[in-house]
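Secondary and tertiary structure notes
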Amino acid sequence: MMYVFGHLNPDTDAIASALVYAKLLRQQGTEAQAFRLGDLNFETAYVLRELGTEAPAMLPELAPGAEVALVDHNESNQTVGNIHELSVRRVVDHHKLGDLTTSSPPYLRFEPVGCTGTILLKLYREGNVQVDAQEAKLMLSAILSDTLHFRSPTTTQDDRDAVEFLAPIAGIQKVEEYALAMFAAKSDLGDTPADKLLKMDYKVFPFGDPVKPEEWGLGVIETTNPGYVFGRQAELLEAMDRAKADDKLAGILLSVVDILNETNRTLVISATEEKVIKEAFGVDTNDKIADLGHRISRKKQIVPTLEKYFAPES
Ligand code: MN
Ligand code: MN
């Protein structure tokens, strides 16, 4: 049995791609089941509700040697704790390659596209497997989510082509309208506790010396209503302080991305982070906020800059 799952603090791509890839593997004769590594965010909950589909179950504790397929991630910091004891058989991903190692030859499919869903559609088409309405809507939702409906600089022509191919199969006539409904659902944060808001879309990255890396927690809140998030700024800064101490991080940042205006204003808790932001991005922090302009992609515009900044001198 192949356990298929996306990263911790799952987003729509992590959930949708696990469901879709498990289904594709089953259609191709492999016994496979989708799982998740955390609670659904509000956008993903909306997508599954629209589809009338159940969320995948939480991944149970896996015995050493269990066969797993990773989607939408590959780094050990972003996956199940005992990953090194498991047998990683497959990875389908669109992130940078991290510290992944395997004990036997894996199937790997990495492409520098905007979404894992875009790669999965290629696997369907390469395998001559028919895409049904449910999987089409899952892949399409993942692509709209990851690319912020093509606003993100991670967007490629393949992502646009995939949405154009999938929309009629998914029965979605008005893609723009559907994307806005997804983003509205994602932005409807209600009284979600600040700790949870911080970690809803949150990843820990090791920077610098690979033997003794500095670990930074990088959270993102993508929203159509940044005013709401900044209204809770004091609570969020406290949550960041706690997470930095509890998780023994070298630094922590929370980027508030205004989806419709394509801007990033990042919360900064201390002089440590302030210095890094100044030196890495050339941006000043005022009243705990660093205006990072149009750098809205953590993957393409934040992490690579920090990696370069922390890279050991050669
Ligand atoms: Mn993801
Ligand atoms: Mn993704």
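First things first, this report covers the structure right here in the doc. All values reported here derive from a predicted model rather than from experimental measurement. (Residues numbered from 1 in each chain as written. Chains lettered and ligands numbered in written order. Predicted model: local features only at pLDDT ≥ 70, side-chain atom pairs only at ≥ 80, totals over all residues. Heavy atoms only, no water.)

**A word on the coordination of the manganese ion (ligand 1)**
Protein-derived ligands of the manganese ion (ligand 1) are His7 (NE2), Asp11 (OD), Asp11 (OD) and Asp72 (OD), with the metal-ligand distances lying across 2.1 to 2.7 Å. Counting gaps between the donor residues of the manganese ion (ligand 1) yields the pattern H-x3-D-x60-D. The two metals, the manganese ion (ligand 1) and the manganese ion (ligand 2), are separated by 3.5 Å and share Asp72 as a common coordinating residue. Linking His7 in strand S1 (residues 2-8) with Asp72 in the loop between strand S4 (67-71) and strand S5 (87-93), this pair joins segments that are 65 residues apart in sequence. Using a relative accessible area of 1% as the deciding quantity, one classes His7 as buried. (Donors = N, O, S within 2.8 Å, 3.2 Å for Na, K, Ca; no water. Helix = DSSP H or I, 4+ residues; strand = E, 2+ residues; numbered from the N terminus. Buried < 20%, exposed > 50% of the residue type's maximum accessible area, 1.4 Å probe, protein only.)

**A closer look at unusual backbone geometry**
For Asn128, which is not a glycine, the phi torsion comes out positive at approximately 50 degrees. Positionally, Asn128 belongs in the loop between helix H3 (116-126) and helix H4 (133-146). For Asp287, which is not glycine, the phi dihedral falls at a positive 50 degrees. Take Asp287: it is sitting in the loop between strand S11 (285-286) and strand S12 (289-291).

**So, the coordination of the manganese ion (ligand 2)**
The protein atoms donating to the manganese ion (ligand 2) are Asp13 (OD), Asp72 (OD), His94 (NE2) and Asp146 (OD), with metal-donor distances spanning 2.1 to 2.2 Å. In the primary sequence, the donor residues of the manganese ion (ligand 2) line up as D-x58-D-x21-H-x51-D.

**Observations concerning the nonpolar core**
Ranked by internal contacts, the top residues of the largest apolar core, which has 54 residues, are Val4, Tyr21, Met139, Leu140, Leu144, Leu166 and Tyr178. Ranked by residues supplied to this core, first place goes to helix H1 (residues 12-27) with 9 residues. Mapping this core onto the domain boundaries places at least three of its residues in each of domain 1 (2-185) and domain 2 (194-310). Sequence-distant contacts of Leu166, defined by excluding residues within four places in its chain, comprise Leu121, Val131, Ala136, Met139, Leu140 and Ile143. Residues Ala194, Val204, Leu237 and Met240 belong to the second largest nonpolar core, which totals 22 residues. (Core = buried A, V, L, I, M, F, W, Y, C linked by side-chain atoms within 4.5 Å. Domains from an automatic or database assignment. Contact = heavy atoms within 4.5 Å.)

**What to know about the side chain of Thr12**
Mapped onto the fold, Thr12 is located in helix H1. Accessibility expressed as a relative area gives 1% for Thr12, which makes it buried. Sequence-distant contacts of Thr12, that is, excluding residues within four places in its chain, are made with Ser17, Asn41, Glu43, Thr44, Val47, Ser141, Ala142 and Ser145.

**Considerations on the sheet that holds strand S7 (residues 202-207)**
Taken in spatial order, the 6 strands of this open sheet run S7-S8-S9-S10-S12-S11, and their pairing is mixed. Two strands in the sheet have a free side with no partner beyond their single neighbour: S7 and S11. Pairing between S7 and strand S8 (residues 214-223): 6 bridges, direction antiparallel. Paired with Val204 across the two strands is Gly217, which belongs to S8. (Pairing = 2+ DSSP bridges.)

**Digging into the packing of H3 against helix H5 (residues 157-170)**
Contact geometry for H3 and H5: axes closest at 9 Å, N-to-C directions at 60 degrees. Comparing the axis directions of H3 and H5 gives the class oblique. When you trace H3 past H5, the crossing you get is left-handed. Where H3 approaches H5, its residues Thr118, Leu121, Lys122 and Arg125 are matched on the opposing element by Asp158, Asp159, Ala162, Phe165 and Leu166. Residue classes in the contact of H3 with H5 are distributed as 4 nonpolar, 1 polar and 4 charged. (Axes fitted to C-alpha atoms, helices over the stretch in contact; angles between N-to-C directions. Parallel < 35°, antiparallel > 145°, perpendicular 65-115°, else oblique. Left-handed = near helix turned anticlockwise from the far one by under 90°. Nonpolar A, V, L, I, M, F, W, Y, C, P; charged D, E, K, R; others polar.)

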